[in-house]
Every structure is written in C-alpha cells, then in structure tokens.
Amino acid sequence: AVVSTQSTGNDGKRVVSKYYDTDDETFASVKDQQQFEAKVFKATEKANSEIVAINSYTAVYRSNVDLFFYVIGDSRENELILLSVLNALYDSISMILRKNVEKRALFENMDSVLLICDELVDRGILMECDATNIVNRVHVKTEDIPLSEQTVSQVSYDILKSFNWLSQS
C-alpha cells in the first residue's frame, strides 16, 4: 500500500504531502509527519539511487530543479509499483504545469496538484497510473459543469470573466 505522496523543496521543507494510512501512529501528528519528511529528505538529498529504505518504509523519489517528489510505501510494497505511482504523479504535475515543474508554479496550481494526488491514490490504494487520464479528470473546464454543481468561486469567476469579455467588446 502507498503510505504517502510528498513533495519537498530543495531545502527539505514540505511543499505538499498527503498521508493515506491514518491508522499508523508514526504519522499521527503534523510534527511526526514533518520529522519523517526530514529523515526522508536527508536520506535522499545526496543519494545516487531512486529507491531508499527508511525505517520500515520504502521511498522512491525524483528530483527536479528546486523540488523533490516522493512516494512512500511500506517495506513489503513492490518498488516497481511505487515507481509507477511516482512517474504518474510527476508526469501529471508536469502536464498541468506545462513542463515548468518548479516550486513557484506548483504553489500557483496547488489545487490541481492536490486533485492529482487524490486521483492517483485513495486510502493507500493505487487508483490510476496513466498521467493523461489523471490530468483529464483534474482539468475539467467549468463550462462543462452544470451550474448547480459549481462552487461559488467558480460561478463568481465565470461571471467576472463574462463581464470582462462584455466590457472589451
């Protein structure tokens, strides 16, 4: 099972993380999670491989510009499955950010990044590993959503957009 998907900056500080095993006491509090993330970062920051064993967990990771992406599984999990989750996570984020995978762009699109994590893994179970399918589910245009199902912010945005369009014509 997938325990966590994470991204940290090149300073080791959390950018985004999602923990799926809520029964595990190791990650009971945010402080415990951040301590674990610091251990993972320290173990991977200068490592030459893409797989690292930490305590009773297996971490696969990938670094890019100013970010590290991690998928953590328990020690019994198949490393190839974890690697396919990591690749799907990274490729989906790369598509959303138009290949501009850096911390600033990730923060600007945090809502999409969190939706990608939700589409990828649910309660530790891999749901989808095709990045194109994940991006298609995450990037639904608001025009395609019935008005009754849109959030207030989506409706407000659409109204403002239409007024700007009217004032420009």
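As the structure is a computational prediction, the values presented were derived from the model and not from experiment.

Undergrad: What should I look at first to understand the packing of helix α2 (residues 79-96) against helix α5 (residues 131-138) in this one?
TA: The angle between the axes and the distance between the axes are what describe a pair of packed helices. Here α2 crosses α5 at 50°, and the two axes come no closer than 9 Å. Classified by the angle their axes make, α2 and α5 are oblique. The two elements α2 and α5 meet at a crossing, and its hand is right-handed. Every residue of α5 that contacts α2 at A88, D91, S92, M95 and I96 is listed here: A131, T132, I134, V135 and V138.

Undergrad: I would appreciate a short explanation of the pattern of salt bridges in the present structure.
TA: Where charged atoms from two side chains of opposite charge come close, those side chains can pair. Taken as a whole and assessed by the stated rule, the structure comprises seven salt bridges. Note that R76 and D74 form a salt bridge whose closest N and O atoms lie 3.4 Å from each other. Since its relative accessible area comes to 72%, R76 is described here as exposed. D74 gets classed as buried once you look at its relative accessible area, which sits at 16%.

Undergrad: Sorry, what's going on with the pairing of strand β4 (residues 57-64) here?
TA: Remark: a regular strand shows side chains that alternate across the two faces of the sheet. By the criterion of burial, β4 is predominantly enclosed, with six of the eight residues buried. As judged from the four bridges shared by strand β3 (residues 51-54) and β4, these two strands associate in the antiparallel manner. Bridged to I54 within β4 is Y57. Connecting the antiparallel pair β3 and β4 is a turn made up of two residues, with N55 showing a positive phi of about 50°. Pairing of β4 with strand β5 (residues 67-74), which is carried by eight bridges, proceeds in the antiparallel orientation. Looking at the pairing, S63 lines up with F68 of β5. In textbook terms, the turn of a hairpin is the stretch between consecutive antiparallel strands, and for β4 and β5 this stretch comprises two residues, one of which, V65, has a positive phi near 40°.

What counts and how
- Residues numbered from 1 in each chain as written.
- Predicted model: local features only at pLDDT ≥ 70, side-chain atom pairs only at ≥ 80, totals over all residues.
- Heavy atoms only, no water.
- Axes fitted to C-alpha atoms, helices over the stretch in contact; angles between N-to-C directions.
- Helix = DSSP H or I, 4+ residues; strand = E, 2+ residues; numbered from the N terminus.
- Parallel < 35°, antiparallel > 145°, perpendicular 65-115°, else oblique.
- Left-handed = near helix turned anticlockwise from the far one by under 90°.
- Contact = heavy atoms within 4.5 Å.
- Salt bridge = Lys/Arg side-chain N within 4 Å of Asp/Glu carboxyl O.
- Buried < 20%, exposed > 50% of the residue type's maximum accessible area, 1.4 Å probe, protein only.
- Pairing = 2+ DSSP bridges.

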